[in-house]
Amino acid sequence: MNQRQTPLLQAVTDLIETKPAYFRVPGHRLDKGICPRWTDRVGTEIFAYDVTETPLTDDLHSPEGAILEAQQLLAALYGADRSFFLVNGSTCGNEAMILGAAFEGEKIMVARNAHKSAMMGLVLSGAKPVYVMPEVIEDWAIQGAITAEAVRKMFEANPDCRALFLVSPSYYGVCSDLAAIAEVCHAHNALLLVDEAHGGHVYFHDRLPVGALAAGADVCVQSMHKVTGALTQSSVLHIRHHGIRKEALAKIVQSLQLVQSTSPSYLLMVSLDCARHELAMNGTAMMEKALSLAAYAREKINQIPGFCCMEGEHIDRTRLVISACEIGLTGYELDQMLFEEYAVNMELADAQNVLAVVTYANEKEDMDRLAAACAEISAGVGKGMQTKVCRYPAFPPLPQQVMTPRRAYFSNTKMVRWQDAAGKVAGQMIAPYPPGIPVICPGERISQEVWDYIDCFRRDGRHIHGAGQNGKLDWVKVVVTDRVEIK
C-alpha cells in the first residue's frame, strides 16, 4: 500500500474546502464558534477539522471509505491482519480485549502489574482473573518482566485459562520475552493479549525491543499519543491471526462497539492517520534521534555523584529511569525539586525513581537542562551523602481473591474508615497513580501487608486512584457480604 497517503486527513480537508452550509454537530460550525479567548491564542484553522460523520468523512463504527483505508494502511505498516482506531485511549482497547477473550466465569491470566484498565475489563466481562506475578527488579524497586516459565506454571495449574493479558513494554520500558510467552500461550490454545500502550514506536529501529505483533501476540493495543506524535487519547488496536480462537478475535472487534464513543473525534483520528504517515516515512530516523538523545542524557547523568540511570538488556532505551537514592532523595522528592526549581517535567515519580520519556520531538537542549538540574541538585544535597534509602515497603504479597471483580463491584457495599479496612473485602480498586497499577482490586481481601503498603502513600499525600473526592483515602468501600465465591 502507498504509505504516503493520508486518506482521512484528505477526506476532512475535502469537506472543509466545499465551504458547506453546516447543520451537523458539533455546534461550533467548523472554525467559527470557538471561544475567542482560546482562538486568540491558537488561531482557528484546526477547529475546522473537528467534524462528524459525513458522506466524505466515513463512520468509525462502520467504515467503508477514508477511515477504512487509513486503518488498512496502519495494519500494513505494523504487519497486522486488521487494525482499528481507538478514540477512548488504550483503556477501551484493553477492555475490548478482555471482553472478547474471556466470558463470565471463564479464567483469564492477568499480569499483576497490568494497568487498571484491565481491572475495568474484568468488571465488564465477569471473567475470573488468575494473576501471574512479574519479577521485581530489587535495585530499582520496580516490577519487571513476566517470564515464560511463570506463564507455563500458571497454565499447568490453570489449563482452562482462555488468554493471557500482560503489559510490555512496561511504563518503565521493561520488556518481557513475548516470543517465548506466545509459544506457551498458543500451545494451550490461549490468546496472547498485549497492552503495548508504551510500545507503538519499537517497530521502527533494530536497537529497540521486538514489537508484540512481530513476537507472536494475537492482539495488542498501542497508545500512539505517548511517543509517536498523535494527539492525547489516540490509540490503536491490532489483530494478527495465528489460528488460535478465531471466534474470540471476532468478539474483540465486536466489543469495540461497546467501549468506544458513538461521537468519535475526527481530530484524534486524523492525528492517527498523520502519525502513521510520519512513522512510515521517517520512523527509523525518528527513533534514531530519540535513542541518541537518551544515550547522551544517560551518559551525563551517570557521571553525576549520587545519580544513576537504570540499565538492562531487555529495556526500551528511549526511557530514562533515574535514581538519586544514594544521596537520600526519594523519587517523589527528586521529581518535586526538578519541577519546582528547574521547570523540568518528568513523566512519573515513585518511591525511588523518576522517569523521563524521551522522544524524537525532544532536543539536545532538553537533555542538557535535565542533566544540569540533576547536577545542581547533587551539588546541593550531596554534601551529606547517605546510604541508599527508601521509606516505602516492598511490594505486598498477592492478596486473597474472595470473589470476581465483577461480583464485588455489583455487590452491596458500605464505606468504612481506612483505619478499619484491613481484613475487609474491597469493593473498589486502589491504585497509586501513576503508574495506575492496582494494589487491591474489587473482590480481594485487604491484607495487613496491602494495608501497610497503601498507607505509606496515603500518609505521604500521594495521588491515589480510588481515593475520595478530596483526594484523601479517609474512607474505603468494602463488600458487605463476605461469602467466599472463588474456590
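Refer to the structure presented above.
Caption draft 1: The arrangement of the environment of Gly461 in detail. Within the element layout of this structure, Gly461 appears in the loop between α15 (448-459) and β16 (464-465). On a C-alpha basis, the gap between Gly461 and Gly471 in space is 8.4 Å, while along the polypeptide they are ten residues apart.

Caption draft 2: The arrangement of unusual backbone geometry in detail. Backbone torsion omega between Val25 and Pro26 reads 0 degrees, so that peptide bond is classified as cis. For the bond from Ser168 to Pro169, the omega torsion is -5 degrees, close enough to zero to count as cis. In this structure, Pro169 sits in the loop between β6 (161-167) and α7 (178-187). Phi is positive for Leu30, close to 60 degrees, though the residue is something other than glycine.

Caption draft 3: Expanded view of the packing of helix α6 (residues 148-157) against α7. Two numbers describe how α6 lies on α7: the axes approach to 9 Å, and their chain directions differ by 15 degrees. Between α6 and α7, the crossing angle belongs to the class labelled roughly parallel. Crossing geometry of α6 relative to α7 is assigned as right-handed. Side by side, α6 and α7 meet where Ala148, Val151, Arg152 and Phe155 of the first sit next to Ala180, Ile181, Val184 and Cys185 of the second.

Caption draft 4: Spatial organisation of the pattern of salt bridges. Considering all chains together, one arrives at 14 salt bridges under this definition. Measuring nitrogen to oxygen at the nearest pair gives 2.7 Å for the salt bridge that ties Glu149 to Arg152. With Glu149 and Arg152 both in helix α6 and three residues apart, the pair spans about one turn of that helix. Here Glu149 falls in the partly exposed class, since its relative accessible area comes to 39%. Among the residues examined, Arg152 registers a relative accessible area of 32% and is labelled partly exposed. Salt-bridge contacts for Asp273 lead to Arg276; the nearest nitrogen and oxygen are separated by 2.9 Å. Of this pair, Asp273 and Arg276 both sit in helix α11 (residues 266-302), separated by three residues, roughly a single helical turn. Given a relative accessible area of 0%, Asp273 falls into the buried group. With relative accessibility at 1%, the residue Arg276 sits in the buried group. One continuous salt-bridge network, built from bridges that share partners, spans Glu106, Arg162, Arg245 and Glu247.

Caption draft 5: Inspection of helix α4 (residues 89-101) at higher detail. The end-to-end C-alpha separation of α4 is 19 Å, in line with the 18 Å expected for 13 residues at 1.5 Å each. Within α4, twelve of the 13 residues are buried, which leaves the element mostly enclosed by the surrounding structure. Buried residues of α4: Gly89, Ser90, Cys92, Gly93, Asn94, Glu95, Ala96, Met97, Ile98, Leu99, Gly100 and Ala101, and no others.

Caption draft 6: The sheet that holds strand β13 (residues 353-357), seen in detail. Pairing within the open sheet is antiparallel, and its four strands lie in the order β10-β11-β13-β12. Single-partner strands in this sheet number two, and they are β10 (308-309) and β12 (348-349). When strand β11 (residues 319-323) meets β13, the two strands line up antiparallel, connected through five bridges. Paired with Val321 across the two strands is Leu355, which belongs to β13. Set on the sheet, helix α12 (residues 331-342) makes contact with β12 and β13; between it and β13 the angle comes to about 50 degrees.

Caption draft 7: How the structure looks around the sheet that holds β6. Taken together, the seven strands give an open sheet; going across it, the order is β1-β9-β8-β7-β6-β2-β3, and neighbouring strands pair in mixed fashion. Strand pairing shows two members of the sheet lacking a second neighbour, β1 (82-86) and β3 (128-132), which therefore form its edges. For this sheet, the mean inter-axis angle between neighbouring strands, taken without regard to orientation, is 20 degrees. Pairing of strand β2 (residues 107-111) with β3 involves five bridges; the strand directions are parallel. Pairing of Lys107 across the sheet is with Lys128, part of β3. Here α6 sits on the sheet in contact with β2, β3 and β6, set at roughly 140 degrees to β3. Packed onto the sheet, α11 meets β1 and β9 (235-239) and runs at close to 135 degrees relative to β1.

Caption draft 8: Up close: empty space enclosed by the protein. Tallied over the full model, the rule gives two cavities of 30 Å³ or more. Computed from the structure, the largest cavity encloses a volume of approximately 70 Å³. Every residue lining the largest cavity is listed: Val110, Ala111, Arg112, Ala114, His115, Lys116, Ala118, Met119, Leu122, Tyr131, Pro438 and Cys441. Counting residues per element, the lining of the largest cavity draws most heavily on helix α5 (residues 116-125), at four residues. Class assignment for the residues of the lining of the largest cavity results in nine nonpolar, one polar and two charged.

Caption draft 9: Geometry of the nonpolar core. Of all hydrophobic cores here, the largest spans 59 residues; its most connected members are Leu8, Phe85, Leu164, Leu166, Ile181 and Leu192. In terms of residue count, the dominant contributor to this core is α11 (ten residues). Residues in contact with Phe85, not counting those within four places in the same chain, are Leu8, Leu60, Ile67, Ala70, Gln71, Leu74, Ser235, Val236, Gln260, Met269, Leu272 and Asp273. One finds Leu320, Met346, Val354 and Ile464 within the second-largest nonpolar core, a separate group that totals 47 residues.

Caption draft 10: Just the packing of helix α3 (residues 66-78) against α11, in detail. α11 packs onto α3 with a crossing angle of 35 degrees between their chain directions and a minimal axis gap of 10 Å. Regarding α3 and α11, the two cross each other, and that crossing is left-handed. The segment α3 lies against α11, with Ile67, Ala70, Leu73, Leu74, Leu77 and Tyr78 engaging Tyr266, Met269, Asp273, Arg276, Leu279 and Ala280. In the contact of α3 with α11, the residues fall into ten nonpolar, no polar and two charged.

Caption draft 11: Quick look at the packing of aromatic side chains. Going through the model one piece at a time under the given rule, you end up with seven aromatic pairs. With centroids separated by 4.8 Å and ring planes inclined at 70 degrees, the aromatic side chains of Trp38 and Phe47 adopt a geometry described as edge-to-face. Given the relative accessible area of 7%, Phe47 is considered buried. Taking the centre distance of 4.9 Å and the plane angle of 75 degrees together, the rings of Tyr78 and Tyr203 count as edge-to-face. Of the two residues, Tyr78 is situated in helix α3 and Tyr203 in the loop between β7 (191-195) and α8 (212-215); the sequence distance between them amounts to 125 residues. When its relative accessible area of 4% is taken as the criterion, Tyr78 is described as buried. Accessibility expressed as a relative area gives 22% for Tyr203, which makes it partly exposed. Within the aromatic cluster, the residues linked to one another by ring pairs are Tyr78, Tyr203 and Phe204. The ring of Tyr131 has Arg112 sitting right over it, with the charged end atom 4.5 Å from the ring centre. Here Arg462 stacks its cationic end above the ring of Tyr332, 3.9 Å away from the centre of that ring.

The rules behind the values
- Residues numbered from 1 in each chain as written.
- Predicted model: local features only at pLDDT ≥ 70, side-chain atom pairs only at ≥ 80, totals over all residues.
- Heavy atoms only, no water.
- Helix = DSSP H or I, 4+ residues; strand = E, 2+ residues; numbered from the N terminus.
- Axes fitted to C-alpha atoms, helices over the stretch in contact; angles between N-to-C directions.
- Parallel < 35°, antiparallel > 145°, perpendicular 65-115°, else oblique.
- Left-handed = near helix turned anticlockwise from the far one by under 90°.
- Contact = heavy atoms within 4.5 Å.
- Salt bridge = Lys/Arg side-chain N within 4 Å of Asp/Glu carboxyl O.
- Buried < 20%, exposed > 50% of the residue type's maximum accessible area, 1.4 Å probe, protein only.
- Expected span 1.5 Å × (residues − 1).
- Pairing = 2+ DSSP bridges.
- 1 Å grid on protein atoms, 1.4 Å probe; cavity = no way out; pocket = protein on both sides within 12 Å on 5 of 7 lines; lining within 4 Å.
- Points joined across faces, edges and corners; volume = space filled by probe spheres on them.
- Nonpolar A, V, L, I, M, F, W, Y, C, P; charged D, E, K, R; others polar.
- Core = buried A, V, L, I, M, F, W, Y, C linked by side-chain atoms within 4.5 Å.
- Phe/Tyr/Trp six-rings, centres within 6.5 Å; stacked < 30°, edge-to-face > 60°.
- Lys NZ or Arg CZ within 6 Å of the ring centre and 35° of its normal.

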